[in-house]
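# Architecture at a glance
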Amino acid sequence: MGTSPARITPNASPTKMPTTHTENQSQVQTATPKMRASNINFYYGSFKALHDVSLDFAANKVTALIGPSGCGKSTFLRNLNRINETLRDTRIEGEITLDGENILDKDVTEIRRRIGMVFQRPNPFPKSIFENIIYGPRINGLLKNRSAAEVVEQSLRRAALWDEVKDKLHDSAYAISGGQQQRLCIARALAVDPEVLLLDEPCSALDPIATAKIEDLLVSLKHQCTIVIVTHNMQQAARVADTTGFFLLGKLIEHDKTDVIFKNPAKKETEDYITGRFG
Amino acid sequence: MTSRNSRRNAVNNLMLTLCGVCAFLTVSTLFLILGYLVYHGAKSLNPNFFVQLPLGEGQSGGGIANSILGSAEIVALATLIGLPVGFFAGVYLAEFGGKTLPFIVRYTADLLNGIPSIVIGIFAWTVVVVPMHHFSALAGALALSVMLIPITARSTEQFLLDVPRSLREGALALGANKWRTIATVIVPAARKGIMTGMILGVARISGETAPLLFTSLSNQYWSGINEPTASLPVTIFNYATSAYEDWHQLAWAAGLVLLALVLLANIAARMVISRGASVPR
Ligand SMILES: Nc1ncnc2c1ncn2[C@@H]1O[C@H](COP(=O)(O)OP(=O)(O)OP(=O)(O)O)[C@@H](O)[C@H]1O
Ligand SMILES: [Mg+2]
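Thresholds, definitions, all that
- Residues numbered from 1 in each chain as written.
- Chains lettered and ligands numbered in written order.
- Predicted model: local features only at pLDDT ≥ 70, side-chain atom pairs only at ≥ 80, totals over all residues.
- Heavy atoms only, no water.
- Domains from an automatic or database assignment.
- Contact = heavy atoms within 4.5 Å.
- Buried area = accessible area lost by both parts, 1.4 Å probe.
- Salt bridge = Lys/Arg side-chain N within 4 Å of Asp/Glu carboxyl O.
- Polar contact = N/O pair within 3.5 Å; in protein donor to acceptor, adjacent residues only side chain to side chain.
- Helix = DSSP H or I, 4+ residues; strand = E, 2+ residues; numbered from the N terminus.
- Buried < 20%, exposed > 50% of the residue type's maximum accessible area, 1.4 Å probe, protein only.

What follows deals with the domain arrangement of chain B. All names here are of chain B. Assigned domains of chain B: these are domain 1 (2-44) and domain 2 (47-274). Each of domain 1 and domain 2 has a C-alpha centre, and the two are 31 Å apart. If you look at the interface, domain 1 gives nine residues, while domain 2 gives eight residues. A combined buried area of about 790 Å² lies between domain 1 and domain 2, and 78% of that area is made up of carbon and sulfur atoms. The largest contributions to the domain 1 side of the interface with domain 2 come from Leu37, His40 and Ser44, which together make up 60% of the buried area. Linking domain 1 to domain 2 there are zero salt bridges. At the junction of domain 1 with domain 2, the criterion picks out zero residue pairs in polar contact (both at pLDDT 80 or more).

Each partner contributes to the interface: chain B provides 24 residues, whereas chain A provides 27 residues. Note on chain B versus chain A: buried area summed over both sides is about 1900 Å², and carbon and sulfur give 62% of it. In terms of surface lost to chain A, no three residues of chain B exceed B:Glu169, B:Ala173 and B:Leu174, which account for 30% of the buried area on that side. Where chain B touches chain A, the interface holds one salt bridge. Between A:Arg78 and B:Glu169 there is a salt bridge whose closest N-O contact spans 2.8 Å. Along the contact surface separating chain B from chain A lie six residue pairs in polar contact (both at pLDDT 80 or more). Of all elements in the fold, only α7 (165-173) and α8 (178-206) of chain B reach the threshold of two or more residues within the side of chain B that touches chain A.

All names here are of chain A. Applying the stated rule across the entire model yields 27 salt bridges over all chains. A salt bridge links Glu110 to Arg113, with the shortest nitrogen-to-oxygen separation between them at 3.6 Å. Separated by three residues within a single helix, Glu110 and Arg113 lie in helix α3 (residues 108-114), roughly one turn from each other. By relative accessible area, which is 14% here, Arg113 ends up buried. Between Arg138 and Glu131 there is a salt bridge, and its shortest N-O distance comes to 3.1 Å.

This is how it looks when you write it as structure tokens:
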């Protein structure tokens, strides 16, 4: 536009055009989320578990997904890294973008490398702590420029676990506590430098102290990646999440800033759930 | 109240006793067999027994060296064919395919498992021995591998399916593809079980007699892989059904050797397997 000779029309001032242009761009930038799910329908066989769910995930923010049991939080989360498609007889409709590109038609292993996941129960591999961490970098060919030891130390430090396990890196991953195992799984996910980290009730099997550690960790991690966490614990959502989405019966009822959801929700269903009237 | 309690206690005690007696019967059968073998066979065991060839009809002394080697050869060959094929078939059953094909494979494997070994012997005789016009160790190994494949496939499948789905998802979520996940996480997690199943399978075929009667037959002398070959089970069968008391003794001794070899192989393999972490349930 700037290179073509300006056509002066009576109503247009020559200085206005560039301004509008920048404005548009900055709007687009703030409006472009790291990830965006658009009109997702998901089916387990003939059962429709998600109904037209659209949700944006802002970069470097923590998004919490809450809602009563069976409302489809896990189903939704597990579609964000396409792990649900490994289940038999499932079908998805809609579009999920990462940096504007639809992940549903890209190479799935690359997508999963970029979008890490931590599960409800710690699931370390039956290998040593060291081998667990190095697994992802190894299969993704990320060890060409960095030594394995370096990656392991950095990942464990990011997961606030280094000091606790640095002397037993070659012990079995089952030889540490449940809370440590869960942080190991977070470290394992971080070792491949994911841009997005999905967590499905990561603290439900842990005691309050281990939970607090992981919450602190999430808050510190959001500078490095975009985080989505499913939780049943509303205090947890309030503590860690910038925005919160409320699911009910496979639908996203509302998604807003966390304090809005908890103090001043727009929808009656949300308020009922928050105040404990059902769920 | 008290009468009901005492009846409960009586039932409890009765069942406990019943289980105990059955457990004792199981164990004592093994020791009875062992004792019998040692009692009848031990006196024929001497160094010559292990290194000499058998002597002619009715002569006492001699050894079963060729049978020991022949058995080792046949079982090793059968293992070489049967374990890989069975293993990969098991991986296929547990991990791949839709619904119909795995169903057919699984069903076929179960049918094969149930076929009496003598029928497998006749089968191997028809498809290998008859066209080749002679008995051979190779034919025996093929017959035994036909038995080993379904055993290995089904036990491998079972142990792979027992690996928690969370481990599989953990690997997939890190960007591993399916084959990578199977090779680096699922199979290692099921390793102990798979290998135990394999050992039991090999132990099971080492003692098979009927398939070998129709395939490798026997031999008085050392033999090549493409010739009739002596094996411990067939030698035991021959000696035991002969008319000579000396040979009956040799049959017991050979039985003792067979049992000892299977047991030793078993223990050694288990020692190797027991190393390394296993998945807590
Ligand atoms: N593998 C599956 N096959 C069939 N239906 C499933 C499967 N997984 C979940 N569902 C169904 O989909 C719906 C949503 O389940 P989902 O696990 O996503 O709920 P959730 O919100 O995560 O619940 P929770 O809080 O209990 O974990 C439920 O009705 C559930 O029964
Ligand atoms: Mg869930």
